[in-house]
There are 2 protein chains.
Amino acid sequence: MTDITMIRSAAARLKGHARRTPLLSSPFLDEIAGRRVFVKPECLQHTGSFKYRGARSAVSALDPDARARGVIAFSSGNHAQGVALAAREHGVASVIIMPGDSPRMKIDNTRALGAEVVLYDRATEDRDAIGARLAGERGLTLIKPYDEPQVIAGQGTIGLEIAEDAVALGVAKADVLVCCGGGGLTSGIALALEADAPGLRARPCEPQGFDDVTRSLVSGKIERNARLSGSLCDAIVTPQPGEITFPIMQRLCGPGLVVSEDQCLHAMALAWSRLKVVAEPGGAVALAAALFHADQIEGDAVFATISGGNVDAEVFQTALARFA
Amino acid sequence: MTDITMIRSAAARLKGHARRTPLLSSPFLDEIAGRRVFVKPECLQHTGSFKYRGARSAVSALDPDARARGVIAFSSGNHAQGVALAAREHGVASVIIMPGDSPRMKIDNTRALGAEVVLYDRATEDRDAIGARLAGERGLTLIKPYDEPQVIAGQGTIGLEIAEDAVALGVAKADVLVCCGGGGLTSGIALALEADAPGLRARPCEPQGFDDVTRSLVSGKIERNARLSGSLCDAIVTPQPGEITFPIMQRLCGPGLVVSEDQCLHAMALAWSRLKVVAEPGGAVALAAALFHADQIEGDAVFATISGGNVDAEVFQTALARFA
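Residues numbered from 1 in each chain as written. Chains lettered and ligands numbered in written order. Predicted model: local features only at pLDDT ≥ 70, side-chain atom pairs only at ≥ 80, totals over all residues. Heavy atoms only, no water.

**Student:** How would you summarise the domain arrangement of chain A if you had to cite specific residues and measurements?
**Tutor:** Residues and elements named next belong to chain A. Its domain assignment divides chain A into domain 1 (4-51 + 148-323) and domain 2 (52-142). Of note, the centres of domain 1 and domain 2, computed from C-alpha atoms alone, are 24 Å apart. With 27 residues of domain 1 at the contact, the number on the domain 2 side is 16 residues. Summing the contributions of domain 1 and of domain 2, the shared interface buries around 1,700 Å²; its carbon and sulfur component is 53%. Area buried by domain 1 at its contact with domain 2 is led by Arg 13, Thr 47 and Lys 51, which between them contribute 36% of it. The shortest N-O distance in the salt bridge between Arg 53 and Glu 161 comes to 2.9 Å. Those elements giving two or more residues to the side of domain 1 that touches domain 2 turn out to be helix H1 (4-14) and helix H8 (149-169). Residue contributions to the side of domain 1 that touches domain 2 peak at eight residues, all from H8. (Domains from an automatic or database assignment. Contact = heavy atoms within 4.5 Å. Buried area = accessible area lost by both parts, 1.4 Å probe. Salt bridge = Lys/Arg side-chain N within 4 Å of Asp/Glu carboxyl O. Helix = DSSP H or I, 4+ residues; strand = E, 2+ residues; numbered from the N terminus.)

Below is the structure:
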């Protein structure tokens, strides 16, 4: 199970590979939030999202024989690109299983990063069966997107960096708002903060209608989302919290925060105008919570992750047209 | 006159205040350029442009009595915001003289950073006379945008960071492409590279029709632009190279590179999609040169600055609509 030792080992393996993202801030955002806002822009990470950290952590942790046979992942999005790049950097094959109706650009990007993309028909084919067959035939190792200890450890390296920067800023106590899907990023950051910055507390942030983690933390058991698609924040929507991630979040995280899609678009426009970075809708959830749910946050400072920046031009233009 | 000692002193004064911007890269940009491209995103700097560095360097270098009386600057753009923030951080007054027809947002942003904005009528009033009167009455010190040794020293800190990162990347020889207006950024970077990375060579990049520095380097004397407005890259358009900056560029810089406005818009769209950062048109000039004038560049790696990201939503949406 992931612990701080695994996170530090992941940080050592990622050093010189994952980008050490800075903390960004703007007096204009501080004014909206009524406190200092420090933004961790993982959109600037390789492949445009934090997922590269977990993917590279997992691929680099494999024993050399298993790694040489290659890896496989199910993803149409950020995890796919993270795994593809991590595999290529290790000189091993990656197979990414994607729905045939995935956006062309995501397929092309994943292929351009060296992955073999296998498309399947959502209506007639069984994704897991295809994956199992390919994995069995070739001896590929499955890299899960969040419920995997080495993936959680990789995402946790973000928490180490936030803890280090918080000391430099003189912030000893604050909420750390995290864009949350399956909980890999949230639980990894929570574990790192527990060790290195016990006054900082991770809190999951989710879009309305897909607040499975927030509800699970309230009820004390794993709750599912009523639906799985139709969110602008698709990149961070999962059916339910992970079996591994949920107990970590339950032990360490503060209450969840839930934001509307309009608030995400507004936060995207403000990240554009005030921080000069590109956030995808799901990646703007935590910033939206910091800015527009300030009454649910305590203290004179808050940290917010931007988990990714892989967004279609049309959606981005909508955010600018409405809120910039 | 600015030298490496002044630049190192400026770096010491800026430490903990100016943001240490990372180098960004993308395999997709490398492919377009045919070599590795490392981007220095000064759009992520405080106030959204490199100008904060020079402004803070200059304000912090003033003797305490002069500084206490306050500072004054002529600018409707990035230099104004840099001076305003630097003055506020020192607890001193700043007066910014701007044309009355400046975009509302620029006026508002500069005021929000604590400056007293004095508007003048371009048709009927003499900017310099207004400035001289205010400076005389209040004992304000003028902070020039580029032809000022401490401003050049502040911009030069970017060159120190590029030199340091180049060593870590193992790049000993490369061109460093710099968005160039009056030459403060270019000459500062050139001086820093001369000292810390003699195999790296600064090269000014300019928009077509406003290539005064490029032509001046060819002719060996200061050449003027035929016109001063009408460029999408207004933020970096100046009448001619500075009296102080030009001799430095003449001694140290490689030939200039000239790009079209369409190439700037295209580079903005690629910075958005591949690096997840926001570039203004003038701020994208060097990246455009790296990507679309690769035949004028030597070596297997190139550095490009993004000098700023303060751009109107409409212009940005045009870039996305046309090139994303």
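Picking up where we left off.
**Student:** Let's hear about the pattern of salt bridges: which residues, and what values?
**Tutor:** Residues and elements named next belong to chain B. Enumeration according to the criterion identifies 36 salt bridges over all chains in this entry. Across the salt bridge formed by Arg 104 and Asp 108, the nearest N and O atoms sit 3.5 Å from each other. Of the two residues, Arg 104 and Asp 108 both sit in helix H6 (residues 104-112), four residues apart, roughly one turn of that helix. Of the charged contacts, one joins Arg 203 and Asp 175 as a salt bridge, the two residues approaching to 2.8 Å between their closest N and O atoms.

**Student:** Please provide a residue-by-residue account of the state of the cysteines, values included.
**Tutor:** Taken as a whole and judged by the stated rule, the model has zero disulfides over all chains. Cysteine A:Cys43 shares no disulfide, and the gap to the nearest cysteine sulfur, in A:Cys179, comes to 9.9 Å. Here B:Cys179 is not disulfide-linked; the sulfur of B:Cys205 is the nearest cysteine sulfur, at 6.7 Å. By relative accessible area, which is 3% here, B:Cys179 ends up buried. (Disulfide = S-S within 2.5 Å. Buried < 20%, exposed > 50% of the residue type's maximum accessible area, 1.4 Å probe, protein only.)

**Student:** Outline the nonpolar core, supporting the account with residue identities and numerical values.
**Tutor:** By size, the foremost hydrophobic cluster in this structure holds 85 residues, and its most contacted members are A:Leu177, A:Val277, A:Phe316, B:Leu177, B:Val277 and B:Phe316. At nine residues, the largest contribution of residues to this core is made by helix H12 (residues 261-275) of chain A. The residues touching A:Leu177, leaving out its near neighbours within four places in the chain, are A:Arg203, A:Cys205, A:Leu257, A:Ala286, A:Ala289, A:Ala290, A:Ile297, A:Val302, A:Phe303, A:Ala304 and A:Thr305. (Core = buried A, V, L, I, M, F, W, Y, C linked by side-chain atoms within 4.5 Å.)

**Student:** Explain the pairing of strand S6 (residues 174-179) of chain A to me, using residue names and the numbers behind them.
**Tutor:** Residues and elements named next belong to chain A. Most of S6 sits out of view: six of its six residues are buried. Side chains of S6 alternate between two faces, with Ala 174, Val 176 and Val 178 and Asp 175, Leu 177 and Cys 179 buried alike. Pairing geometry for S6 and strand S7 (residues 200-207), over six bridges, is parallel. What sits directly across from Val 176, in S7, is Ala 202. Of the strand pairs in this sheet, S6 and strand S9 (residues 301-306) are connected by three bridges, and their pairing is parallel. Following the sheet pairing, Asp 175 is matched in S9 by Val 302. (Pairing = 2+ DSSP bridges.)

**Student:** So what's going on with the interface of chain A and chain B? Which residues, and what values?
**Tutor:** Every contact between the two is made by 31 residues of chain A and, on the other side, 31 residues of chain B. Here chain A and chain B share an interface that buries about 2,400 Å² over both sides, 64% of which is from carbon and sulfur atoms. The largest contributions to the chain A side of the interface with chain B come from A:Arg19, A:Trp272 and A:Lys276, which together make up 27% of the buried area. The tally of links from chain A across to chain B stands at 12 residue pairs in polar contact (both at pLDDT 80 or more). Elements with a minimum of two residues in the side of chain A that touches chain B: helix H2 (27-33), helix H6 (104-112), H12 and helix H14 (313-323) of chain A. Ranked by residue count, the leading element in the side of chain A that touches chain B is H14(A), at five residues. Looking at side-chain class alone, the side of chain A that touches chain B contains 19 nonpolar, seven polar and five charged residues. (Polar contact = N/O pair within 3.5 Å; in protein donor to acceptor, adjacent residues only side chain to side chain. Nonpolar A, V, L, I, M, F, W, Y, C, P; charged D, E, K, R; others polar.)

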